[in-house]
Amino acid sequence: MAVWDDLVGQERVVEQLTAAARAARATVLAGRSGAVAGGNASLMTHAWLFTGPPGAGQTTAARAFAAALQCTSPDLELGGVPGCGFCDGCHTVMSESHADVKFVRSDGLSIGVGDMRALVLRASSYPTGGRWSVILIDAAHRLTEAAANALLKGVEEPSPRTVWLLCAPSVQDTLPTIRSRCRHLVLRTPAAEAVADLLVRRDGVEPAVAELAARAGQGDIERSRRLAVDEQARSRRLEVLRIPLEVADIGGCLAAAQRLVDTAKADAEALAETRDAKETDDLKAAYGASEGLGGKAPRGMAGAVKELEKRQKSRATRTRRETLGVALLDLLGFYHDVLALQLGSTGALANEDQRPALDKVATAGPPESTLRRIEAVLACRRALDRNVDPLLAVEAMTVALRAG
Ligand SMILES: [Zn+2]
């Protein structure tokens, strides 16, 4: 299975990346140093920025490209596509164990300046395999400002065989000085059919389940996967989609808002529970702290732990906002379906499984009230982006969703 197979609906991006990987290979074969020398070499460059709608596959694209750069398939001699998926190069990159490919996962925490300086330093060394030294940052928008400035140094003064792969939701999420030095690739929202195919092929999901999940996921591959395989994600979605029927009176509106916010909070707490303690332990272990050393903490550890806890707290806030964001997307999808029904569209609906509820809401009022509700959901999203208190923002929305 080629490394590109998990990337769905991104034909143009794949074309560009495979062309770049070919040019990169020519550079290596010619023994040239520098990604910018030679005839076709302009197809290749040392810094790339992948953006696109949530879940479209930015990191998947970057990882596949990294594999293609390390691909050693004998078929390449015969004009095969770099990124065969079978050779040792591809395999080790995809399993994230290649010596010359460093994955920087934010795991929800912001990436600090210390990590980034170490990376830039590492990037300046020649790749052990003689090909490319690749650094993939899966959430470039979560760099602290100091870290972004350290990264800028690496991107500004590229070592000859270093490739930076940055992923971010949108180009505005990165420093202008960084993005101006990157080649920018924009992923599209993949079609539901393509996502369903992937879920069947890759995750062994039943075709009917895959189709429903892909539609409900609205182009977000990871969200679709979770809806297909995770019972809890499915029941969360159903809870959210009950809201349009619950907002008949003020009491129902307030109760629905409270439930939504509580659920988001519980999600964030559950996630924190599994991650925070381990991160703190790992940090302490890195400082060589262990119980039974007379209880004296190593120098600098208290400060580092405090710093970590601060980052964990801001991650919890963000997780809560993201969970609410998913709920709002589900609601938007619901009202878009209602509008489609009201306007007599016969196309596929995102929430086909909710047909009775959709029909009920669609026949209860005119399209104008649906448009008004869509605007209420969008207004809530904007309010959350502005850090308005979540309960206030969500209450304002559910009240505005009321009939009439
Ligand atoms: Zn390969």
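Residues numbered from 1 in each chain as written. Predicted model: local features only at pLDDT ≥ 70, side-chain atom pairs only at ≥ 80, totals over all residues. Heavy atoms only, no water.

Caption draft 1: Fine view of the overall build of the chain. Scanning the chain from terminus to terminus reveals 15 helices and five strands. For the chain, the spread of C-alpha atoms along the principal axes amounts to about 70 × 65 × 40 Å. The burial tally for the chain puts 47% of its 404 residues in the buried class. Relative to all contacts within the chain whose residues are 6 or more apart in sequence, the contacts with residues 24 or more apart total 73%. Here the chain has roughly 19500 Å² of accessible surface; of this, 55% comes from carbon and sulfur atoms. Charged side chains of the chain number 50 positive and 50 negative; the gap between the two group centres comes to 5 Å. (Helix = DSSP H or I, 4+ residues; strand = E, 2+ residues; numbered from the N terminus. Buried < 20%, exposed > 50% of the residue type's maximum accessible area, 1.4 Å probe, protein only. Contact = heavy atoms within 4.5 Å. Areas by Shrake-Rupley, 256 points an atom, 1.4 Å probe, with all protein chains shown as cover. Lys, Arg positive; Asp, Glu negative; His and termini not counted. Charge placed at Lys NZ, Arg CZ, Asp CG, Glu CD.)

Caption draft 2: Geometry of the side chain of D100. Relative to the helices and strands, D100 resides in the loop between α3 (88–94) and β2 (101–104). Despite its burial, D100 pairs with no opposite charge, the nearest such side chain being R122 at 6.0 Å. For D100, the contacting residues outside a window of four places in its chain are Q70, P127, T128, G129, G130, W132, S133 and V134. (Salt bridge = Lys/Arg side-chain N within 4 Å of Asp/Glu carboxyl O.)

Caption draft 3: Structural detail: helix α2 (residues 58–70). With 13 residues, α2 ought to run about 18 Å at 1.5 Å a step, and its terminal C-alpha atoms sit 19 Å apart, in line with that. Within α2, eleven of the 13 residues are buried, which leaves it mostly tucked inside the rest of the structure. Regarding α2, the residues found buried are Q58, A61, A62, R63, A64, F65, A66, A67, A68, L69 and Q70. Next to the buried residues of α2 lie α1 (11–29), β1 (47–51), α3, β2, β3 (133–137) and β4 (162–167). (Expected span 1.5 Å × (residues − 1).)

Caption draft 4: Layout of the packing of helix α10 (residues 231–246) against helix α12 (residues 301–342). Axis separation between α10 and α12 bottoms out at 9 Å; the angle between their running directions is 50°. By the angle between their axes, α10 is oblique relative to α12. α10 and α12 meet at a crossing whose hand is right-handed. Here R237, V240, L241, I243 and P244 of α10 come into contact with α12, specifically with A327, D330, L331, F334 and Y335. Taken together, the residues of the contact of α10 with α12 sort by class into eight nonpolar, no polar and two charged. (Axes fitted to C-alpha atoms, helices over the stretch in contact; angles between N-to-C directions. Parallel < 35°, antiparallel > 145°, perpendicular 65-115°, else oblique. Left-handed = near helix turned anticlockwise from the far one by under 90°. Nonpolar A, V, L, I, M, F, W, Y, C, P; charged D, E, K, R; others polar.)

Caption draft 5: Here's a closer look at the domain arrangement of the chain. Per the domain assignment, the segments making up the chain are domain 1 (11–186), domain 2 (192–229) and domain 3 (246–403). Averaged C-alpha coordinates put domain 1 and domain 3 at centres separated by 32 Å. Across the domain 1 to domain 3 interface the summed buried area is about 620 Å²; carbon plus sulfur atoms make up 39%. Counting the surface domain 1 buries against domain 3, the share from its top three residues, D107, L109 and R142, is 67%. (Domains from an automatic or database assignment. Buried area = accessible area lost by both parts, 1.4 Å probe.)

Caption draft 6: Here's a closer look at the pattern of salt bridges. Inspection of the entire model under this criterion finds 25 salt bridges. Residues E246 and R242 are paired through a salt bridge, measuring 3.0 Å at the closest nitrogen-oxygen approach. Here E246 pairs with R242, and both are found in helix α10, just four residues apart, close to one helical turn. K278 is the salt-bridge partner of D282, the closest N and O atoms lying 2.8 Å from each other. Here D282 and its partner K278 are both found in helix α11 (residues 250–286), four residues apart, which amounts to about one turn of the helix. Three or more residues joined by partner-sharing salt bridges are found here, namely R63, E96, R105 and D138.

Caption draft 7: Summary view of the packing of aromatic side chains. All told, the structure shown has two aromatic pairs when counted by the stated rule. Residues W48 and F65 carry aromatic rings whose centres are separated by 5.0 Å and whose planes lie at 70° to one another, so their mutual orientation is edge-to-face. Remark: F65 occurs in helix α2 and W48 occurs in strand β1; sequence separation between them is 17 residues. Exposure class is identical for W48 and F65. Each is buried. On the numbers, 5.6 Å between centres and 85° between planes, the contact of F334 with Y335 is edge-to-face. Since its relative accessible area comes to 0%, F334 is described here as buried. (Phe/Tyr/Trp six-rings, centres within 6.5 Å; stacked < 30°, edge-to-face > 60°.)

Caption draft 8: Examining the coordination of the zinc ion more closely. Taken together, the protein ligands of the zinc ion are C71 (SG), C84 (SG), C87 (SG) and C90 (SG), with distances of 2.3 to 2.4 Å. One way to put it: the four donor atoms around the zinc ion meet at angles of 106 to 115°, and that makes the site tetrahedral. Sequence spacing of the donors to the zinc ion: C-x12-C-x2-C-x2-C. For C84, a relative accessible area of 17% translates into the label buried. Using a relative accessible area of 0% as the deciding quantity, one classes C90 as buried. (Donors = N, O, S within 2.8 Å, 3.2 Å for Na, K, Ca; no water. Tetrahedral: all angles 85-135°; square planar, octahedral: opposite > 155°, others 65-115°.)

Caption draft 9: Structural detail: the environment of A257. As for its position among the elements, A257 is in helix α11. Through-space distance from the C-alpha of A257 to that of D389 is 12 Å; in sequence the pair is 132 residues apart. Leaving out residues up to four positions away in the same chain, A257 has contacts with L391, V394, E395 and T398.

Caption draft 10: Spatial organisation of the layout of surface pockets. By volume, the second largest pocket amounts to about 590 Å³. Along the walls of the second largest pocket sit 21 residues, with S110, G112, D115, L308 and R311 positioned nearest its centre. Going through the elements one at a time, α4 (113–123), α11 and α12 are the ones with two or more residues in the lining of the second largest pocket. Looking at side-chain class alone, the lining of the second largest pocket contains eight nonpolar, five polar and eight charged residues. Mapped onto the domain boundaries, the lining of the second largest pocket takes at least three residues apiece from domain 1 (11–186) and domain 3 (246–403). (1 Å grid on protein atoms, 1.4 Å probe; cavity = no way out; pocket = protein on both sides within 12 Å on 5 of 7 lines; lining within 4 Å. Points joined across faces, edges and corners; volume = space filled by probe spheres on them.)

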